[in-house]
Amino acid sequence: MNEKINNLVPETEDINDIIAVRHEKLAKLKEQGNDPFTIVRFDKNADAKDIFANYTEYEGKGVKIAGRIMSRRIMGKASFCHIQDGTAQIQLYFRIDALQEKYEDFKKLDIGDIIGVSGEVFTTHKGEISIKALDYILLAKSLLPLPEKYHGLKDTDLRYRQRYLDLIMNPDVKDTFIKRSKIITSIRKFLDEKGFIEVDTPILNTILGGANARPFITHHNTLDINMYLRIAPELYLKRLIVGGFLKVYEMGRLFRNEGMDIKHNPEFTTIELYQAYADYNDMMDITEEMFKYCAQEVLGTTELSYQGVPVSLGNKWPRVTMSDLIKEHTGIDFYADSMDEIRAKAAKIGVEISAKESWGKAMYAIFDQKIEEKLVQPVFVIDYPVEVSPLAKRKTEDPRLVERFEFFINAREMGNAFSELNDPLDQKARFEEQVKARAAGDDEAQMMDEDYVTALEYGLPPTGGLGIGIDRMVMLFTDSYSIRDVLLFPTMKPKA
């Protein structure tokens, strides 16, 4: 098959014919004793990105480089191709007088084949940094043709299902995941420098707790018991504070058997950290400092743009109560209006509050439905109703509220934090309320964790706790529209 210079698979050719030809080429190579899949390694000593960055050091010198063929321009006694080596694309120059009989074999290679090349670095007459091939070896045969070069791989479903193909055809995708790795590294560096210790807690749990969410259920054959993939590591981490650790954190996967959309995936990455003798104000300080630190480390700036909207992380992040935000945006005053007035005003803005709903549940419903969408620039929303915060410490001045915050950027909740509840009697009572809710049909309510209550009875010092969604942080830093764009292998429904 003669491939065109623009690498489009000719429309007249059937894909099965193309695949058949490639299999025939592989079979012939094997017959000749040149099976590429028997080669175990290639001693490369350079990469394209480094050659471009340090050309004067490489000019005229020999290099060994390897990568995937992404384009070819076949001529008579000289030909060109571009390979992608994982760092960048670089042009290779092949001449019959340098390669002799191997030149004809080169012409039989296909787009997508992986080759190793020995050659000299030079610049073409057109000024393109290239490598003159003095020898080459086929390292892996591509049996399937790559998508069209100019149209690229645009089908999002195919991109997510075959991420390897997405990475080949869309180099910017790799940049997203390189940044993701750097973000995680910078978070660890930030916390390690502050004296936090990274720990591991169980992913398989016998009791559902640490958050209100529907779990994934599995079965432990040896113990013959059902277990849950963790929805949060919180209760284990706070046990460590009871045991004498002062600062701990865990970064890892959580699993929640819930809906999927641009902000949610059933398995996702978070970090949770806990600090003894601290409160939610300390957690706000850490959160703001961490985001600014990571942005500077990874992006070199705290001024971001997300989907065309400027976002400034560099300014001081405001701290506003939930009730004040509701009053500001709707006029509903939870400290002056009666419940009848609250319900009537809520109905006018499209939020239905039933007669049985509590003061706190009404507050959260209005915030969730009408206020969150307005929070574009970074803001800490503080002082949540106790009904939706079963693990947070009550506010002394108003026990209907707790010392809790969530912070929002681009109308998305990015993290959640408490002054942790350390009263074992209050905690047990709240667990009992959760158990009642679960018995009444709320499959997201938590279970009674007697051992955690026992741990609190030994004494949990005043503690601040914080959880941050790493995937949403990566979305913000990489300007990614969907959570699937920042997960290498997002959850997908299997094809029939």
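The present account deals with the structure reproduced in this document.

## What to know about the overall build of the chain
What the chain contains, in helices and strands, is 16 helices and 19 strands. Since a compact globule built from 496 residues should have a radius of gyration of about 23 Å, the 29 Å found for the chain marks it as more spread out than a globular shape. Once the C-alpha set of the chain is aligned to its principal axes, its extents read approximately 90 × 55 × 50 Å. When each of the 496 residues of the chain is scored for burial, the buried share is 48%. By element, 51% of the accessible surface of the chain is carried by carbon and sulfur atoms, the whole surface being about 24200 Å². For the chain, the centre of its 66 positive side-chain charges and the centre of its 80 negative side-chain charges are spaced 5 Å apart.

## Topic: the nonpolar core
In terms of nonpolar packing, the biggest core is built from 43 residues, with I187, L191, L273, M290, F291, F405 and F477 touching the most fellow members. When residues of this core are assigned to their parent elements, the largest contribution, nine residues, is made by helix α10 (residues 280-299). Residues in contact with F477, not counting those within four places in the same chain, are I183, F291, C294, A295, L299, L304 and L313.

## Some words on the layout of surface pockets
Reported here for the second largest pocket is a volume of approximately 470 Å³. Elements supplying a minimum of two residues to the lining of the second largest pocket: α1 (15-31), α5 (102-107) and β5 (129-140). The element best represented in the lining of the second largest pocket is α1, accounting for four residues. Residues of the lining of the second largest pocket, tallied by class, amount to seven nonpolar, three polar and eight charged.

## So, the pairing of strand β3 (residues 89-95)
Judged by how many residues are buried, β3 sits mostly within the fold: five of seven residues are covered. For strand β2 (residues 78-84) and β3, the ladder comprises seven bridges, and the chain directions are antiparallel. Paired with C81 across the strands is L92, a residue of β3. Alignment of β3 against β5, held across three bridges, turns out to be parallel. Bridging from a neighbouring strand, Q91 pairs with S130 of β5.

## Digging into the packing of aromatic side chains
Across all of its chains, the model carries 20 aromatic pairs by this definition. Ring plane angle 70° and centroid distance 6.3 Å describe the contact between F367 and Y384, whose orientation is recorded as edge-to-face. A residue pair is termed long-range when its members are at least 10 positions apart, and F367 in helix α13 (residues 359-371) and Y384 in strand β15 (residues 379-385) qualify at 17 residues. Accessibility assignment for this pair places F367 and Y384 in one class, buried. Taken together, the aromatic side chains of F291, W317, F380, F405, F407 and F477 make up a single cluster linked through ring pairs. Positioned above the aromatic ring of Y136, the side-chain terminus of K102 is 4.7 Å from the ring centre.

## Remarks on empty space enclosed by the protein
For the structure shown, the criterion picks out two cavities of 30 Å³ or more. Estimated volume of the largest cavity: approximately 60 Å³. In this structure, the largest cavity is lined by Y306, I409, N410, R412, M414, R472, M475 and L476. Listing elements by their share of the lining of the largest cavity, those giving two or more residues are β18 (412-419) and α16 (470-478). Among the elements that take part in the lining of the largest cavity, α16 stands out by supplying three residues, more than any other. Residues belonging to the lining of the largest cavity are distributed by class as follows: five nonpolar, one polar and two charged.

## Digging into the environment of D14
With respect to the helices and strands, the residue D14 is situated in the segment before α1. A distance of 2.7 Å separates a polar atom in the side chain of D14 from the backbone nitrogen of N16.

## Considering the environment of S130
Tracing the sequence through the fold places S130 in strand β5. Sequence spacing of S130 and C81 is 49 residues, and the spatial spacing of their C-alpha atoms is 9.8 Å. Those residues in contact with S130 that sit more than four places away from it in its chain are Q91, E120, V121, F122 and T124. Only 2.9 Å separates the side chain of S130 from the side chain of Q91, close enough to count as a polar contact.

## Points about helix α15 (residues 450-458)
Three or more residues of α15 are buried, namely Y452, V453, A455 and L456. The buried side chains of α15 occupy one side of the element, clustering within an arc of 155° when seen end-on. Exposed and oriented more than 90 degrees from the buried face of α15 are E457 and Y458. The elements touched by buried residues of α15 are α9 (234-242) and α14 (424-439). Looking one or two residues past α15, G459 carries a phi angle of roughly 115°, positive in sign.

## Description of the side chain of D110
Tracing the chain through its elements places D110 in the loop between α5 and β4 (114-123). Taking relative accessible area as the criterion, D110 reaches 1% and is therefore assigned buried. Here K25 takes part through its side chain, which lies 2.8 Å from a polar atom of the side chain of D110.

## Some remarks on the pattern of salt bridges
What the rule picks out here adds up to 35 salt bridges. Of the charged contacts in the structure, one is a salt bridge between D113 and K141, with a shortest N-O distance of 2.9 Å. Placement of the pair is D113 in the loop between α5 and β4 and K141 in the loop between β5 and α6 (156-161), with a sequence separation of 28 residues. Summarising the burial analysis for this pair, D113 and K141 share the class buried. In this structure, the salt-bridge partner of R188 is E198, at a minimum N-O distance of 2.8 Å. A residue pair is termed long-range when its members are at least 10 positions apart, and R188 in helix α8 (residues 171-193) and E198 in strand β6 (residues 197-198) qualify at 10 residues. Residue classification places E198 among the partly exposed residues on the basis of a relative accessible area of 34%.

Thresholds, definitions, all that
Residues numbered from 1 in each chain as written. Predicted model: local features only at pLDDT ≥ 70, side-chain atom pairs only at ≥ 80, totals over all residues. Heavy atoms only, no water. Helix = DSSP H or I, 4+ residues; strand = E, 2+ residues; numbered from the N terminus. Rg over C-alpha atoms; globule rule 2.2 N^0.38 Å. Buried < 20%, exposed > 50% of the residue type's maximum accessible area, 1.4 Å probe, protein only. Areas by Shrake-Rupley, 256 points an atom, 1.4 Å probe, with all protein chains shown as cover. Lys, Arg positive; Asp, Glu negative; His and termini not counted. Charge placed at Lys NZ, Arg CZ, Asp CG, Glu CD. Core = buried A, V, L, I, M, F, W, Y, C linked by side-chain atoms within 4.5 Å. Contact = heavy atoms within 4.5 Å. 1 Å grid on protein atoms, 1.4 Å probe; cavity = no way out; pocket = protein on both sides within 12 Å on 5 of 7 lines; lining within 4 Å. Points joined across faces, edges and corners; volume = space filled by probe spheres on them. Nonpolar A, V, L, I, M, F, W, Y, C, P; charged D, E, K, R; others polar. Pairing = 2+ DSSP bridges. Phe/Tyr/Trp six-rings, centres within 6.5 Å; stacked < 30°, edge-to-face > 60°. Lys NZ or Arg CZ within 6 Å of the ring centre and 35° of its normal. Polar contact = N/O pair within 3.5 Å; in protein donor to acceptor, adjacent residues only side chain to side chain. Arc of directions from axis to C-beta. Salt bridge = Lys/Arg side-chain N within 4 Å of Asp/Glu carboxyl O.

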